[in-house]
Amino acid sequence: FNGRFRPALYIEWEFDINIIFASHNFDECKKVKVAVGSFTGYALVWWSEYCRLHPDYIPTTWDDLKLAMRHTFVPAYYTRDMIKKLQHLKQGSDTVTKYYDTLQTTLLHSSLEESEEDFMDRFWGGLNRDIQEILIHETCYPMDRLFRLACKAEQEITRRVAHKINKRKVQIPRVATVVPSTTASPMATTS
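Per chain, residues are indexed from 1 in the order of the written sequence. Where totals are concerned, whole chains, interfaces and linings use all residues; where local detail is concerned, this predicted model gives features only for residues with pLDDT of at least 70, and gives and counts side-chain atom pairs only at 80 or more. With hydrogens and water excluded, all non-hydrogen atoms of the structure serve as input to the side-chain values.

Caption draft 1: Region of the structure containing the overall build of the chain. Starting at the N terminus, helices and strands are each numbered in turn, a helix being any DSSP run of H or I of at least four residues and a strand any DSSP run of E of at least two. Scanning the chain for helices and strands turns up nine helices and zero strands. Reading the chain from its N terminus to its C terminus gives the helix and strand order α-α-α-α-α-α-α-α-α. Here the chain holds 191 residues, and the buried ones make up 30% of them. For every residue, the accessible area (1.4 Å probe, protein chains only) is compared with the maximum for its type, and the residue is labelled buried under 20%, exposed over 50%, or partly exposed between those bounds.

Caption draft 2: Spotlight on the nonpolar core. By nonpolar core we mean a set of buried residues, namely Ala, Val, Leu, Ile, Met, Phe, Trp, Tyr and Cys, connected to one another through side-chain atoms within 4.5 Å. By size, the foremost hydrophobic cluster in this structure holds 23 residues, and its most contacted members are Trp13, Phe39, Trp46, Leu65 and Met69. For this core, the secondary-structure elements that each account for two or more residues are helix 1 (7-23), helix 2 (28-37), helix 3 (41-53), helix 4 (62-73) and helix 5 (76-88). In terms of nonpolar packing, the next biggest core, distinct from the first, is built from 21 residues, Ile131, Cys140, Met143 and Leu149 among them.

Caption draft 3: Spatial organisation of the packing of helix 2 against helix 4. The geometry of helix 2 relative to helix 4 is characterised by a closest axis approach of 8 Å and an angle of 35° between their N-to-C directions. Facing Glu28, Lys31, Val32, Ala35 and Val36 of helix 2, the residues of helix 4 in contact are Trp62, Asp63 and Leu65. For the contact of helix 2 with helix 4, the per-class residue count stands at five nonpolar, no polar and three charged. To obtain each axis, a line is fitted to C-alpha atoms, and for helices this fit is confined to the stretch in contact; angles are then taken between N-to-C directions over 0 to 180 degrees. Contacts were defined at the residue level, with two residues in contact if any of their heavy atoms lie within 4.5 Å. Each residue gets one label: Ala, Val, Leu, Ile, Met, Phe, Trp, Tyr, Cys and Pro are nonpolar, Asp, Glu, Lys and Arg are charged, and the others, such as Gly, are polar.

Caption draft 4: A look at the side chain of His109. Turning to its location among the elements, His109 is positioned in helix 6 (residues 96-110). Classification of His109 by relative accessible area gives buried; the value is 4%. Not counting residues up to four positions away in its chain, the partners in contact with His109 are Ala8, Ile11, Glu12, Tyr78 and Met82.

Caption draft 5: Up close: the packing of aromatic side chains. The aromatic pairing rule takes the rings of Phe, Tyr and Trp, using the six-membered ring of Trp, and pairs them if the centres are within 6.5 Å, calling planes under 30 degrees apart stacked, those over 60 edge-to-face and the rest tilted. By the definition in use, this model includes 23 aromatic pairs. Note on Phe1 and Phe73: the rings are 5.1 Å apart at their centroids and 90° apart in plane angle, and the pair reads as edge-to-face. Note that Phe1 is positioned in the segment before helix 1 and Phe73 in helix 4, a separation of 72 residues in sequence. Here the aromatic rings of Tyr10 and Trp13 are separated by 5.7 Å at their centres, their planes lie at 45°, and the arrangement is tilted.

Caption draft 6: How the structure looks around the layout of surface pockets. Taken as a whole, the largest pocket spans an internal volume of roughly 380 Å³. A cavity here means a set of points on a 1 Å grid, drawn over the protein atoms and nothing else, where a 1.4 Å probe fits but cannot get out; a pocket is an open set with protein on both sides within 12 Å along at least five of seven lines, and a residue lines either one if it has an atom within 4 Å of a point. Along its surface, the largest pocket is lined by 16 residues, and Phe15, Leu107, Leu108, His109 and Leu112 are the ones closest to its centre. Looking at the lining of the largest pocket residue by residue, the classes come out as six nonpolar, five polar and five charged. Grid points are joined across faces, edges and corners, and a volume is the space filled by probe spheres set on the points.

Caption draft 7: Quick look at helix 5. Here helix 5 contains 13 residues, and its C-alpha end-to-end distance of 19 Å stays within 8% of the 18 Å for a straight helix at 1.5 Å per residue. Looking at helix 5, one finds that the buried residues are Tyr78, Met82 and Leu86. Looking straight down helix 5, one finds its buried side chains confined to an arc of 75°; they lie on one side. Turned more than 90 degrees away from the buried face of helix 5 sit Ala76, Arg80, Lys84, Gln87 and His88, all of them exposed. The span one expects for a helix is its residue count, reduced by one, times 1.5 Å. Note: the arc covers the axis-to-C-beta directions of the helix.

Honestly, it's all geometry; don't read function into it.
Next up, the structure:
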(Lines give C-alpha, C1' and ligand atoms only; values in the text may rest on other atoms or scores of the structure.)
Protein backbone atom coordinates (compact mmCIF):
# COMPACT_ATOMS: atom_id res chain seq x y z
CA PHE A 1 0.00 0.00 0.00
CA ASN A 2 1.52 3.27 -1.14
CA GLY A 3 -0.65 5.61 0.88
CA ARG A 4 -1.82 7.87 -1.90
CA PHE A 5 -4.85 9.84 -0.81
CA ARG A 6 -7.26 7.86 -2.92
CA PRO A 7 -9.76 6.27 -0.55
CA ALA A 8 -10.84 3.61 -3.03
CA LEU A 9 -7.26 2.30 -3.25
CA TYR A 10 -6.98 2.11 0.53
CA ILE A 11 -10.27 0.23 0.86
CA GLU A 12 -9.29 -2.23 -1.87
CA TRP A 13 -5.92 -2.79 -0.15
CA GLU A 14 -7.68 -3.37 3.18
CA PHE A 15 -10.03 -5.85 1.51
CA ASP A 16 -7.09 -7.71 -0.06
CA ILE A 17 -5.28 -7.88 3.29
CA ASN A 18 -8.46 -9.21 4.93
CA ILE A 19 -8.52 -12.01 2.35
CA ILE A 20 -4.91 -12.89 3.17
CA PHE A 21 -5.70 -12.96 6.89
CA ALA A 22 -8.76 -15.13 6.30
CA SER A 23 -6.60 -17.74 4.58
CA HIS A 24 -3.85 -17.75 7.23
CA ASN A 25 -3.94 -18.30 10.94
CA PHE A 26 -2.05 -15.17 12.03
CA ASP A 27 -2.26 -13.82 15.56
CA GLU A 28 -3.07 -10.10 15.92
CA CYS A 29 0.56 -9.02 16.29
CA LYS A 30 1.51 -10.90 13.09
CA LYS A 31 -1.42 -9.30 11.21
CA VAL A 32 -0.14 -5.84 12.08
CA LYS A 33 3.39 -6.80 10.99
CA VAL A 34 2.16 -8.23 7.68
CA ALA A 35 0.03 -5.16 6.97
CA VAL A 36 2.80 -2.71 7.86
CA GLY A 37 5.24 -4.81 5.85
CA SER A 38 3.22 -4.04 2.73
CA PHE A 39 3.59 -0.26 3.14
CA THR A 40 5.55 1.68 0.54
CA GLY A 41 6.03 5.36 -0.23
CA TYR A 42 3.90 7.73 1.78
CA ALA A 43 2.36 4.91 3.85
CA LEU A 44 5.82 4.17 5.29
CA VAL A 45 6.32 7.84 6.10
CA TRP A 46 2.86 8.02 7.69
CA TRP A 47 3.54 4.91 9.80
CA SER A 48 6.89 6.25 11.04
CA GLU A 49 5.33 9.59 11.97
CA TYR A 50 2.32 7.92 13.57
CA CYS A 51 4.55 5.77 15.79
CA ARG A 52 6.72 8.77 16.68
CA LEU A 53 3.75 11.02 17.55
CA HIS A 54 1.69 8.35 19.34
CA PRO A 55 4.15 6.02 21.09
CA ASP A 56 1.53 5.02 23.65
CA TYR A 57 -1.13 4.26 21.03
CA ILE A 58 0.68 2.15 18.45
CA PRO A 59 -1.87 -0.32 17.07
CA THR A 60 -1.35 -3.89 18.24
CA THR A 61 -4.36 -5.43 16.47
CA TRP A 62 -5.47 -5.38 12.86
CA ASP A 63 -8.75 -3.64 13.83
CA ASP A 64 -6.83 -0.87 15.64
CA LEU A 65 -4.53 -0.41 12.65
CA LYS A 66 -7.49 -0.24 10.26
CA LEU A 67 -9.12 2.38 12.45
CA ALA A 68 -5.99 4.55 12.48
CA MET A 69 -5.51 4.14 8.75
CA ARG A 70 -9.13 4.85 7.85
CA HIS A 71 -8.91 8.04 9.91
CA THR A 72 -6.00 9.15 7.71
CA PHE A 73 -6.69 7.65 4.30
CA VAL A 74 -10.50 7.68 4.08
CA PRO A 75 -11.94 11.16 4.62
CA ALA A 76 -15.44 11.46 6.09
CA TYR A 77 -16.79 13.01 2.89
CA TYR A 78 -15.84 9.88 0.94
CA THR A 79 -17.84 7.63 3.24
CA ARG A 80 -20.81 10.04 3.09
CA ASP A 81 -20.63 10.11 -0.71
CA MET A 82 -20.56 6.33 -0.89
CA ILE A 83 -23.56 6.02 1.45
CA LYS A 84 -25.45 8.57 -0.66
CA LYS A 85 -24.54 6.69 -3.84
CA LEU A 86 -25.65 3.44 -2.23
CA GLN A 87 -29.02 4.93 -1.28
CA HIS A 88 -29.71 6.03 -4.86
CA LEU A 89 -28.14 3.15 -6.78
CA LYS A 90 -30.42 1.64 -9.44
CA GLN A 91 -29.83 -0.90 -12.20
CA GLY A 92 -30.86 1.42 -15.02
CA SER A 93 -29.20 0.41 -18.29
CA ASP A 94 -26.64 -1.84 -16.57
CA THR A 95 -26.88 -5.60 -16.71
CA VAL A 96 -27.91 -7.38 -13.51
CA THR A 97 -24.32 -8.56 -13.08
CA LYS A 98 -22.86 -5.06 -13.48
CA TYR A 99 -25.48 -3.60 -11.11
CA TYR A 100 -24.71 -6.31 -8.52
CA ASP A 101 -20.95 -5.69 -8.76
CA THR A 102 -21.42 -1.92 -8.42
CA LEU A 103 -23.74 -2.43 -5.44
CA GLN A 104 -21.27 -4.71 -3.67
CA THR A 105 -18.31 -2.41 -4.34
CA THR A 106 -20.20 0.67 -3.20
CA LEU A 107 -21.32 -1.12 -0.03
CA LEU A 108 -17.72 -2.13 0.70
CA HIS A 109 -16.53 1.45 0.17
CA SER A 110 -19.29 2.90 2.34
CA SER A 111 -18.05 0.97 5.39
CA LEU A 112 -21.61 -0.14 6.15
CA GLU A 113 -22.26 -3.67 7.27
CA GLU A 114 -25.62 -5.07 6.24
CA SER A 115 -27.36 -8.32 6.95
CA GLU A 116 -28.10 -10.57 3.99
CA GLU A 117 -31.79 -9.59 4.19
CA ASP A 118 -30.97 -5.87 4.10
CA PHE A 119 -28.63 -6.37 1.16
CA MET A 120 -31.29 -8.39 -0.66
CA ASP A 121 -33.83 -5.62 -0.06
CA ARG A 122 -31.38 -3.04 -1.39
CA PHE A 123 -30.60 -5.19 -4.46
CA TRP A 124 -34.29 -5.86 -5.13
CA GLY A 125 -35.21 -2.19 -4.77
CA GLY A 126 -32.69 -1.17 -7.41
CA LEU A 127 -33.64 -3.79 -10.00
CA ASN A 128 -35.55 -2.62 -13.05
CA ARG A 129 -39.35 -2.94 -12.75
CA ASP A 130 -39.65 -5.48 -15.57
CA ILE A 131 -37.30 -7.84 -13.73
CA GLN A 132 -39.13 -7.29 -10.44
CA GLU A 133 -42.44 -8.13 -12.15
CA ILE A 134 -41.10 -11.46 -13.39
CA LEU A 135 -39.70 -12.34 -9.94
CA ILE A 136 -42.59 -11.11 -7.79
CA HIS A 137 -44.03 -14.59 -7.21
CA GLU A 138 -40.69 -16.41 -6.92
CA THR A 139 -38.98 -17.53 -3.73
CA CYS A 140 -35.92 -15.29 -3.84
CA TYR A 141 -33.95 -16.30 -0.77
CA PRO A 142 -30.95 -16.51 -0.21
CA MET A 143 -29.08 -13.77 -2.09
CA ASP A 144 -27.35 -16.07 -4.56
CA ARG A 145 -30.77 -17.42 -5.62
CA LEU A 146 -32.16 -13.90 -6.04
CA PHE A 147 -29.15 -12.98 -8.15
CA ARG A 148 -29.49 -16.07 -10.38
CA LEU A 149 -33.23 -15.50 -10.82
CA ALA A 150 -32.67 -11.84 -11.69
CA CYS A 151 -30.11 -12.84 -14.35
CA LYS A 152 -32.54 -15.41 -15.73
CA ALA A 153 -35.35 -12.82 -15.82
CA GLU A 154 -33.02 -10.43 -17.65
CA GLN A 155 -32.32 -13.12 -20.27
CA GLU A 156 -36.07 -13.71 -20.67
CA ILE A 157 -36.67 -9.99 -21.22
CA THR A 158 -33.86 -9.89 -23.79
CA ARG A 159 -35.45 -12.84 -25.64
CA ARG A 160 -38.88 -11.14 -25.61
CA VAL A 161 -37.45 -7.91 -27.00
CA ALA A 162 -35.55 -9.78 -29.73
CA HIS A 163 -38.71 -11.71 -30.63
CA LYS A 164 -40.74 -8.48 -30.94
CA ILE A 165 -38.06 -6.92 -33.13
CA ASN A 166 -37.99 -9.98 -35.39
CA LYS A 167 -41.79 -9.93 -35.74
CA ARG A 168 -41.75 -6.27 -36.75
CA LYS A 169 -39.26 -6.75 -39.53
CA VAL A 170 -41.03 -6.68 -42.86
CA GLN A 171 -40.10 -9.65 -44.94
CA ILE A 172 -39.43 -8.51 -48.50
CA PRO A 173 -39.88 -11.41 -50.88
CA ARG A 174 -37.01 -12.11 -53.19
CA VAL A 175 -37.75 -11.34 -56.79
CA ALA A 176 -35.79 -13.07 -59.49
CA THR A 177 -33.98 -10.48 -61.48
CA VAL A 178 -34.54 -10.57 -65.20
CA VAL A 179 -31.47 -9.83 -67.21
CA PRO A 180 -32.19 -8.81 -70.80
CA SER A 181 -30.49 -10.95 -73.36
CA THR A 182 -27.86 -9.34 -75.52
CA THR A 183 -28.18 -11.82 -78.39
CA ALA A 184 -31.00 -11.52 -80.81
CA SER A 185 -33.00 -14.65 -81.28
CA PRO A 186 -34.15 -15.52 -84.81
CA MET A 187 -37.82 -15.00 -85.33
CA ALA A 188 -39.73 -17.72 -86.96
CA THR A 189 -42.10 -16.63 -89.62
CA THR A 190 -45.00 -18.58 -90.85
CA SER A 191 -46.75 -17.96 -94.04
